[in-house]
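Overview (structure and organization)
Each chain, letter by letter, is given below.
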Amino acid sequence: MTSKADDLGTLEALNRGYLLAAERSDVAWYAEHLAEDYRATNPDGSFVDKVGFLARIGRPHGLTELRAPEVRIQRVGDVALIHASFEDTRPDGGHGRGRYTDI
């Protein structure tokens, strides 16, 4: 049986991996870690399934320095919610930001 601290460490590591995989366009990481029924909202507001997300994330994008300065992990029974903000540096040197929630 794992402790709450172990669970929290695992969730924090997965969240870091999620951001690092985005920066590197690492389709293999996402294919291994995302549920088959995964859904995401694209930057243009469109909604995609796992296959659509993997196709998009695999295309080089030029974003660097992806970081999550504010991460809140909430456990609800056997489920965990990760609410986070993210920031990145765009190819033109500008800065982007947004929010996400993972379950």
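Our structure is the block above this text.
Summary of the structure given here. (Residues numbered from 1 in each chain as written. Predicted model: local features only at pLDDT ≥ 70, side-chain atom pairs only at ≥ 80, totals over all residues. Heavy atoms only, no water.)

1. Quick notes on helix H1 (residues 4-24)
Put simply, the test is: For helices the rule is a DSSP run of H or I covering at least 4 residues; for strands it is a run of E covering at least 2, with both sets numbered from the N terminus onward. Expected span, for any helix, means 1.5 Å times one less than how many residues it has. Relative accessibility under 20% of the residue-type maximum defines a buried residue, over 50% an exposed one, and the middle range a partly exposed one, all with a 1.4 Å probe and only protein chains included. In what follows, residue pairs with any heavy atoms lying within 4.5 Å of each other are defined as contacts.
For H1, which comprises 21 residues, the first-to-last C-alpha distance of 30 Å matches the rise-based estimate of 30 Å (1.5 Å per residue) to within 8%. For H1, the set of buried residues is Leu11, Asn15, Gly17, Tyr18, Leu19, Ala21 and Ala22. On the buried face of H1, the contacting elements are helix H2 (27-33), helix H3 (50-57), strand E3 (64-76), strand E4 (79-89) and strand E5 (95-102). Two residues or fewer past H1, serine 25 is found with a positive phi of approximately 55 degrees.

2. Looking at the sheet that holds E5
What counts here: If DSSP finds at least two bridges between two strands, the strands pair. Angular values range over 0 to 180 degrees, each being the angle between N-to-C directions of two axes fitted as lines to C-alpha atoms, with helices fitted over their stretch in contact.
Spatially, E3-E4-E5 is the arrangement adopted by the 3 strands of the open sheet, whose pairing is antiparallel. In this open sheet, the two strands that pair with only one neighbour each are E3 and E5. Shown here is a sheet whose adjacent strand axes are inclined to one another by a mean of 10 degrees, direction ignored. Examined bridge by bridge, E3 and E4 share 9 bridges and lie antiparallel to one another. For threonine 64, the partnering residue across the bridge sits in E4 and is threonine 89. Against the sheet, H1 engages E3, E4 and E5, with an angle of about 150 degrees to E3.

3. Section: the pattern of salt bridges
What counts, and what does not: Any Lys or Arg side-chain nitrogen located within 4 Å of an Asp or Glu carboxyl oxygen qualifies as a salt bridge.
Counted by the stated rule, this structure contains 5 salt bridges. Linking glutamate 70 and arginine 99 is a salt bridge whose minimum nitrogen-to-oxygen distance equals 3.8 Å. Within this pair, whereas glutamate 70 is found in strand E3, its partner arginine 99 is found in strand E5, the two being separated by 29 residues in sequence. Ionic pairing is found between arginine 90 and aspartate 88, a salt bridge with its closest N-O pair at 2.6 Å. The exposure class of arginine 90 is partly exposed, given its relative accessible area of 35%.

4. Points about unusual backbone geometry
One non-glycine residue, serine 25, lies in positive phi territory at about 55 degrees. Inspection of the secondary structure puts serine 25 in the loop between H1 and H2. The phi torsion at glutamate 65 lies on the positive side, around 55 degrees, for a residue other than glycine. Note on placement: glutamate 65 falls in strand E3.

5. Points about the pairing of E5
The alternating pattern of E5 places Gly96, Gly98, Tyr100 and Asp102 on a buried face, while none of His95, Arg97, Arg99 and Thr101, on the opposite face, is buried. In the sheet, E4 pairs with E5 via 8 bridges, with the strands oriented antiparallel. The residue of E5 that forms the bridge with aspartate 88 is glycine 96. Hairpin connection, E4 to E5: the antiparallel pair is bridged by 5 residues, and glycine 93 has positive phi, about 90 degrees.

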